[in-house]
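Fold and contact review
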Amino acid sequence: MSSIMKTLLISTAILFAPAAMAQTEAPAAVEALDPVKAAPPAPKDVDPALWVVKDEDTTIYLFGTVHILKPGLNWFDEGVKAAFDKSDRLVLEMVEPPAAETQALFGKLAIDPSGKTLRSKMNEADRAIYEAAITKVGLPAQALDPLDPWAAAVTMSVLAIQKLGYDVNSGVEKQLSAAAKIAQKPVGGVETMEFQLGVFDTMPEDEQIRFLIASAKAIDNSGQMMDRMIELWGAPDPDGLAALMNEGLTSRVIYDALLTRRNANWAKWIKAEMDKPGVTFMAVGTGHLAGPTSVQSLLPAYGLNAERVAY
């Protein structure tokens, strides 16, 4: 029996009890009764942007994902679901490896083998900003000292939004992968986890620290920023999303490493795939499908055009 049903039955019994019973002392256990829980809010319908690249015998859908979401968003329906259902396969940024392999890769690339601590790489002002931020996410100042600055930035940022109710299990990739498994669609990736972590790891140390301190300064507003990003994603407003991301990525070195060069690789990949008949549902981080160096904006160099799907 659910706690709501228990509470309802007990409350009904007290309401209809004899007057004499109402005068007796309440049992000590009454304080331990489960409170009546409000019904969960109705799922919110959102309609993220979808693009398509096609020729006579090949169709590639381009869909922007959010890797971590709060539960309760309906996005996998209407045009998105129809495109997915028509597709022969799902292509993601990467296929997540087993947990043990992920842990090994993170240890290999995220930990400084020299033993130099994270905080010793910062000047006094940056260290104060970082220590204030890491404390806000519930970790002691020394907790991430073995990590490279990029790894500390990513860890701290994810912890901050997880505390606000965001869940990687509600992320778009998780849901698409589950649906592909049920439909027995093959799932592939255009990158590997080792490559993605390597993008961060090969950045110059001063750029990594810049990235870390920018992340630390944004901790207080991380929930608001994430909420706004998802609002623009679901509206959809790709131009607004691009503008918001430009505010957050002020370093051209980081912007090109995380977005531009990878987008160029993917545009080249799409060109090669257009020679193969079939229908592909390609789902990559929504930031890669927004802005002047988006995947779509790079496709015309290969004689291809991505069109928005109206739904």
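For the structure itself, consult the block above.
None of these values were measured; they are calculated from a predicted model.

This next bit is on helix α12 (residues 252-273). The periodicity of an α-helix, 3.6 residues per turn, causes residues three or four places apart in sequence to face the same way. Here α12 spans 30 Å end to end across 22 residues, near enough to the 32 Å set by a 1.5 Å rise per residue. By the largest-angle criterion, L258 marks the main kink of α12, which is about 30°.

The next point concerns unusual backbone geometry. Residues other than glycine predominantly adopt negative phi, and peptide bonds predominantly adopt the trans conformation. Geometrically, the link from A235 to P236 is a cis peptide bond, its omega value of -10° lying close to zero. Structurally, P236 can be placed in the loop between α10 (222-234) and α11 (238-248). Positive phi, normally seen in glycine, also occurs at Q184, with a value near 60°. Looking at where Q184 falls in the secondary structure, it is placed in the loop between α7 (172-183) and β6 (187-189).

Attention now moves to the side chain of D112. Looking at the element boundaries, D112 is found in the loop between α4 (99-110) and α5 (124-136). At a separation of 2.7 Å, a polar atom in the side chain of D112 contacts the side chain of S114. If we ignore the near neighbours within four places in the chain, the residues touching D112 are K121, P146 and D148.

Our focus in this paragraph is the packing of aromatic side chains. Summed over the entire model, instances satisfying the criterion amount to eight aromatic pairs. Ring geometry for F106 versus W150: centroids 6.1 Å apart, planes at 75°, classification edge-to-face. Of this pair, F106 sits in helix α4 while W150 sits in helix α6 (residues 149-162), and the two are 44 residues apart along the sequence. A centroid spacing of 5.3 Å and a plane angle of 20° characterise the contact between W150 and F200, whose relative ring orientation is stacked. Here W150, found in helix α6, pairs with F200, found in helix α8 (residues 193-201); they are 50 residues apart in sequence, far enough to count as distant. W150 gets classed as buried once you look at its relative accessible area, which sits at 1%. Within the aromatic cluster, the residues linked to one another by ring pairs are F63, W75, F76, F84 and F281. Sitting over the face of the ring of F84, K185 holds its NZ or CZ atom 5.2 Å from the ring centroid. Positioned over the ring face of W51 is R308, at 5.6 Å from the centre of the ring.

This brings us to the nonpolar core. Grouped together as the largest cluster of nonpolar side chains are 35 residues, with contacts concentrated most on L118, Y130, L144, W150, M156, L212 and L258. Elements supplying a minimum of two residues to this core: α4, α5, α6, α8, α9 (205-217) and α12. Top contributing element to this core by residue count: α6, with six residues. Sequence-distant contacts of Y130, defined by excluding residues within four places in its chain, comprise L118, R119, M122, A141, L144, M156, L212, I213 and A216. Residues L90, Y166, M229 and L244 belong to the second largest nonpolar core, which totals 32 residues.

Before going further, it helps to examine the sheet that holds strand β7 (residues 278-285). With respect to topology, six strands assemble into an open sheet ordered β6-β5-β7-β3-β2-β8, the strand pairing being mixed. Because the sheet does not close on itself, it has two edges, and the strands there are β6 and β8 (307-308). Here two bridges tie strand β2 (residues 50-54) to β8, and the two strands are oriented antiparallel to one another. Residue pairing in the sheet places W51 in a bridge with R308 of β8.

Here we take up the pattern of salt bridges. Counted by the stated rule, this structure contains 15 salt bridges. Of the charged contacts in the structure, one is a salt bridge between K108 and E194, with a shortest N-O distance of 2.8 Å. Of this pair, K108 sits in helix α4 while E194 sits in helix α8, and the two are 86 residues apart along the sequence. On the basis of relative accessible area, E194 is assigned to the partly exposed category, the value being 38%. The salt bridge partner of K276 is E273, with a shortest N-O separation of 2.9 Å. A single network of salt bridges, built from pairs that share partners, joins R89, E273 and K276.

Turning next to the pairing of strand β3 (residues 58-65). Consecutive residues of a regular strand have side chains that alternate between opposite faces of the sheet. Counted residue by residue, β3 has eight buried out of eight residues, so it is predominantly covered. Burial along β3 is two-sided: the face carrying T58, I60, L62 and G64 and the face carrying T59, Y61, F63 and T65 are both buried. Across five bridges, the pairing between β2 and β3 is antiparallel. Paired with W51 across the strands is L62, a residue of β3. Counting the residues in the hairpin turn of β2 and β3 gives three residues.

It is the contact of α8 with α12, at a shortest axis distance of 10 Å, that shows an interaxial angle of 130°. Classed by the angle they form, the pair α8 and α12 counts as oblique. Counting all contacts with α8, which are made through F195, Q196, V199 and F200, the residues of α12 involved are A257, L258 and R262. Taken together, the residues of the contact of α8 with α12 sort by class into five nonpolar, one polar and one charged.

What counts, and where the lines are drawn
- Residues numbered from 1 in each chain as written.
- Predicted model: local features only at pLDDT ≥ 70, side-chain atom pairs only at ≥ 80, totals over all residues.
- Heavy atoms only, no water.
- Helix = DSSP H or I, 4+ residues; strand = E, 2+ residues; numbered from the N terminus.
- Expected span 1.5 Å × (residues − 1).
- Bend = angle between axes of the 7 residues up to and from the residue.
- Polar contact = N/O pair within 3.5 Å; in protein donor to acceptor, adjacent residues only side chain to side chain.
- Contact = heavy atoms within 4.5 Å.
- Phe/Tyr/Trp six-rings, centres within 6.5 Å; stacked < 30°, edge-to-face > 60°.
- Buried < 20%, exposed > 50% of the residue type's maximum accessible area, 1.4 Å probe, protein only.
- Lys NZ or Arg CZ within 6 Å of the ring centre and 35° of its normal.
- Core = buried A, V, L, I, M, F, W, Y, C linked by side-chain atoms within 4.5 Å.
- Pairing = 2+ DSSP bridges.
- Salt bridge = Lys/Arg side-chain N within 4 Å of Asp/Glu carboxyl O.
- Axes fitted to C-alpha atoms, helices over the stretch in contact; angles between N-to-C directions.
- Parallel < 35°, antiparallel > 145°, perpendicular 65-115°, else oblique.
- Nonpolar A, V, L, I, M, F, W, Y, C, P; charged D, E, K, R; others polar.

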